[in-house]
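Given next are the chains, with one letter for each unit.
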Amino acid sequence: MSSQDNPEKNLPTAQDTTHGAVDVADEKHPFADPGLPPHEHRIQDIDERAAKRSERTVALLFTLSMLATIGFIASFVAIPVEKMVYIFPLGRISALNFALGVTLGIALFAIGAGAVHWARTLMSDEELTDERHPIEAPPEVRTKVMDDFRQGAKESQLGRRKLIRNTMFGALTLVPLSGVVLLRDLGPLPEDKLRHTAWSRGKLLINQNTNEPMRPSDIVVGSLTFAKPEGLDEHDHGFNNEIAKAALMIVRIQPDDIKDKRTLEWSHEGILAYSKICTHVGCPISLYEQQTHHVLCPCHQSTFDLSDGAKVIFGPAGHPLPQLRIGVNDEGYLEALADFDEPVGPAFWERG
């Protein structure tokens, strides 16, 4: 007859759990200590088939955690950021955020639930009493701790329950990948996106207020006009990212008042086109002083001289505003002759 046919044979040997216990208080023991109640064995302790069922349950939870982590990564890669879905009763929410929250929640919950089920059904649950001892740890205590650790490792059945061990290691190995994947959103990958804008040779200068192409006659001396590249529409996906780099301010100065030679060469009849983005922290510049040809950033008062290559003459900005080289096409409209020759906006790590 096997032990599974006679579960009582699997019962652990009874241990004395009444060490130092007294049923009735006396002078020596002013508080009664009836000791621990009799230990009740679980079905898994006496039936290997029940233990196997618990093992498979724990392994299933760990496997579910692994699948949820893979789903987290797949959702992060496959679901567009702008996609919205209707979830009752939450309403319209981001599909990506919902998928990431659900999959990561399942991954973490399954690991926790698997560990709890493992501890409650397969690890030893027998309560033991231990007399209080001094805080210091003498050699015999350290020896006892190591013995208890080895005993706990043995009772956890980690070596015996290989299915639990392997699936647990798999779940614990995969779940940190969720955090690694989220590091992708800390910033852009090392590319050259910040070095290029929507401007290129032949693109017309479009007035941001009228959405019409601009002619030289539209720009008068002393005026300040804002422009955007041809083909960039406010309803386009990614418009904000593009206009944050391509926003342009147009001023007209008498050619004799332009101090810098290259600034004059890159202009058209005194019409200058500069990046609108401050080189300090990226605020939009909108304050223009006609007499001095200075522009002022309203955020931290960085001041640039547009007649002298937009050099910094005051404030915390670190470098001049980039100038866009412009000309006139055959139809008489202002157009870009190239992209900016340097990155716009504040300095960044890869700028050099």
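Computed from a predicted model, the values in this text were never measured in an experiment.

Asker: Tell me what's going on with the overall build of the protein, and back it up with residues and numbers.
Answerer: Helices and strands together make up the secondary structure of the protein, namely eight helices and 12 strands. Contacts in the protein between residues far apart in sequence, at least 24 positions, make up 60% of those at least 6 positions apart. Total accessible area on the protein stands at roughly 21,600 Å², and carbon and sulfur atoms take up 57% of it.

Asker: How would you explain the packing of helix α2 (residues 48-78) against helix α5 (residues 162-174) if you had to name every residue and give the values?
Answerer: Closest axis-to-axis distance for the α2/α5 pair is 8 Å, and the angle between their directions is 20 degrees. Between α2 and α5, the crossing angle belongs to the class labelled roughly parallel. Every pair of crossing elements has a handedness; the one defined by α2 and α5 is left-handed. On the side of α2, the interface is formed by E55, V58, A59, F62, T63, S65, M66, T69 and I70, while α5 contributes K162, L163, I164, T167, M168, G170, A171 and L174. Among the residues forming the contact of α2 with α5, the class breakdown is 10 nonpolar, five polar and two charged.

Asker: Outline the packing of α2 against helix α3 (residues 95-121), supporting the account with residue identities and numerical values.
Answerer: With their axes 8 Å apart at the nearest point, α2 and α3 run at an angle of 160 degrees to one another. The pairing of α2 with α3 is recorded here as roughly antiparallel in orientation. The interaxial crossing formed by α2 with α3 has left-handed handedness. Looking at side-chain class alone, the contact of α2 with α3 contains 18 nonpolar, 10 polar and no charged residues.

Asker: Mind laying out the UniProt feature "transmembrane region" (unreviewed entry) in the protein, listing which residues take part and the relevant values?
Answerer: The UniProt feature table records "transmembrane region" (unreviewed entry) at residues 58-81, 93-116 and 163-183. End C-alpha to end C-alpha, residues 93-116 measures 33 Å, and it is 92% helix and 8% strand. Measuring from the first to the last C-alpha atom of residues 163-183 gives 32 Å, for a span that is 90% helix and 0% strand.

Asker: Account for the side chain of D339, with residues named and values stated.
Answerer: Among the secondary structure elements, D339 is positioned in the segment after β12 (334-336). Of the buried charged residues, D339 lacks a salt bridge, with K245 as the closest side chain of opposite charge at 7.8 Å. In this structure the side chain of D339 is engaged in a polar contact, spanning 2.6 Å, whose partner is the side chain of T197. Discounting chain neighbours no more than four positions away, the residues touching D339 are R195, H196, T197, W199, S200 and L324.

Asker: Give a description of the nonpolar core that names residues and reports values.
Answerer: Within the largest apolar cluster, 18 residues are counted, with the highest numbers of intra-cluster contacts made by M249, I285, V295, F304, L306 and L321. For this core, the secondary structure elements donating two or more residues are β5 (248-252) and β6 (271-275). If you look at the next biggest cluster of nonpolar residues, it comprises 17 residues, including A198, W199, A246 and L324.

Asker: I'd like to hear about the side chain of Q44, residue by residue, with values.
Answerer: Summarising the element assignment, Q44 is placed in helix α1 (residues 43-46). Taking relative accessible area as the criterion, Q44 reaches 18% and is therefore assigned buried. A polar atom in the side chain of Q44 sits 3.0 Å from the side chain of S54. Q44 has contacts with A50, A51, S54, T121 and L122, leaving out every residue within four places of it along the chain.

Asker: Which residues make up the environment of S124, and what are the values?
Answerer: Turning to its location among the elements, S124 is positioned in the loop between α3 and α4 (139-155). Sequence-wise, S124 and K154 are 30 residues apart; in three dimensions their C-alpha atoms are separated by 9.6 Å. The contacts of S124, once residues within four sequence positions are left out, are R42 and E155. In this structure the side chain of S124 is engaged in a polar contact, spanning 3.5 Å, whose partner is the side chain of E155.

Asker: Which residues make up the packing of aromatic side chains, and what are the values?
Answerer: Evaluation of the coordinates by the stated rule reveals zero aromatic pairs. The ring centre of Y333 lies 4.1 Å from the NZ or CZ of R215, which sits over that ring. The ring of W266 has R262 lying over it, and the distance from NZ or CZ to the ring centre is 4.0 Å.

Reading guide: rules and limits
Residues numbered from 1 in each chain as written. Predicted model: local features only at pLDDT ≥ 70, side-chain atom pairs only at ≥ 80, totals over all residues. Heavy atoms only, no water. Helix = DSSP H or I, 4+ residues; strand = E, 2+ residues; numbered from the N terminus. Contact = heavy atoms within 4.5 Å. Areas by Shrake-Rupley, 256 points an atom, 1.4 Å probe, with all protein chains shown as cover. Axes fitted to C-alpha atoms, helices over the stretch in contact; angles between N-to-C directions. Parallel < 35°, antiparallel > 145°, perpendicular 65-115°, else oblique. Left-handed = near helix turned anticlockwise from the far one by under 90°. Nonpolar A, V, L, I, M, F, W, Y, C, P; charged D, E, K, R; others polar. UniProt positions renumbered as here; feature names shortened; annotations may be inferred. Buried < 20%, exposed > 50% of the residue type's maximum accessible area, 1.4 Å probe, protein only. Lys, Arg positive; Asp, Glu negative; His and termini not counted. Salt bridge = Lys/Arg side-chain N within 4 Å of Asp/Glu carboxyl O. Polar contact = N/O pair within 3.5 Å; in protein donor to acceptor, adjacent residues only side chain to side chain. Core = buried A, V, L, I, M, F, W, Y, C linked by side-chain atoms within 4.5 Å. Phe/Tyr/Trp six-rings, centres within 6.5 Å; stacked < 30°, edge-to-face > 60°. Lys NZ or Arg CZ within 6 Å of the ring centre and 35° of its normal.

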